[in-house]
Amino acid sequence: MARTPSKKPATAGGAPRVGIVMGSQSDWETMRHAADTLKKLKIGHEVAVHSAHRTPDRLADWVKALDQGGTQVFIAGAGMAAALPGVVAAMTARPVLGVPMETRVMGGMDSLLSMVQMPGGIPVGVLAVGRAGAVNAALLAAAILGLSDPAVARAVEKFRADQTKAVPLKPE
């Protein structure tokens, strides 16, 4: 598990503010964009690989530890059956953001459809398939944190302003 600490303690208990989990190592190519975005925003986070199907006990221990430590938002990326975000959401009342992985079978539609069909009472906020979804999950997590942390809110506003400035008026 990799931790990217913020300059101030992530939470009162020192836990990361955001937990990022993916179902397999192959998901890192996409999920690293969520971690990179949180790093740019200076938001403490922890990254882990836990499979809902192959390592359910390890996943449960990780979610419980972060939840009890004060982690405020979870981002879960998975492909195919894409059960991981729903399983995480079943284990915590914290917001869970799902990132569907692009797959060879259906280009990620299988992952997307699996995530959006959560039973009532166990919500997962599902983002776009692939890299865009990972970046947006991090930005949405930051926006959630920014509701109670003015410094994070300012960092999100600056990120968006910088993004706007980067768009040229005319093609180069």
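This is a predicted model, so every value here is computed, not measured. (Residues numbered from 1 in each chain as written. Predicted model: local features only at pLDDT ≥ 70, side-chain atom pairs only at ≥ 80, totals over all residues. Heavy atoms only, no water.)

Engineer: Provide a residue-level description of the pattern of salt bridges, including the pertinent values.
Structural biologist: The final tally for this structure, using the stated rule, is five salt bridges. Notably, a salt bridge pairs Lys158 with Asp162, separated by 2.7 Å at the nearest N-O pair. Here Asp162 and Lys158 lie together in helix α6 (residues 150-165), a separation of four residues that amounts to about one turn. A single salt-bridge network, built from bridges that share partners, covers Glu29, Arg32 and Asp36. (Salt bridge = Lys/Arg side-chain N within 4 Å of Asp/Glu carboxyl O. Helix = DSSP H or I, 4+ residues; strand = E, 2+ residues; numbered from the N terminus.)

Engineer: Quick one: what's the story with the pairing of strand β3 (residues 45-49), residue by residue and with numbers?
Structural biologist: Among the five residues that make up β3, four are buried, leaving the element largely enclosed by the rest of the structure. By the bridge criterion, five bridges tie strand β2 (residues 18-22) to β3 in an arrangement that is parallel. Following the sheet pairing, Met22 is matched in β3 by Val49. Viewed along the sheet, the connection from β2 through helix α1 (residues 28-40) into β3 turns out right-handed. (Buried < 20%, exposed > 50% of the residue type's maximum accessible area, 1.4 Å probe, protein only. Pairing = 2+ DSSP bridges. Right-handed = clockwise from strand over helix to strand, strands pointing away.)

Engineer: Now, about the packing of aromatic side chains: what can you tell me, with residues and values included?
Structural biologist: Given two aromatic rings, one states the distance between the centres and the angle between the planes to describe the pair. Tallied over the full model, the rule gives one aromatic pair. Both rings, one in Trp62 and one in Phe74, keep their centres 5.9 Å apart while their planes meet at 70 degrees; by these two values the pair is edge-to-face. Taken as a pair, Trp62 in helix α2 (residues 56-69) and Phe74 in strand β4 (residues 73-78) lie far apart in primary sequence, twelve residues in all. Of the residues examined, Phe74 reaches a relative accessible area of 0% and is grouped as buried. (Phe/Tyr/Trp six-rings, centres within 6.5 Å; stacked < 30°, edge-to-face > 60°.)

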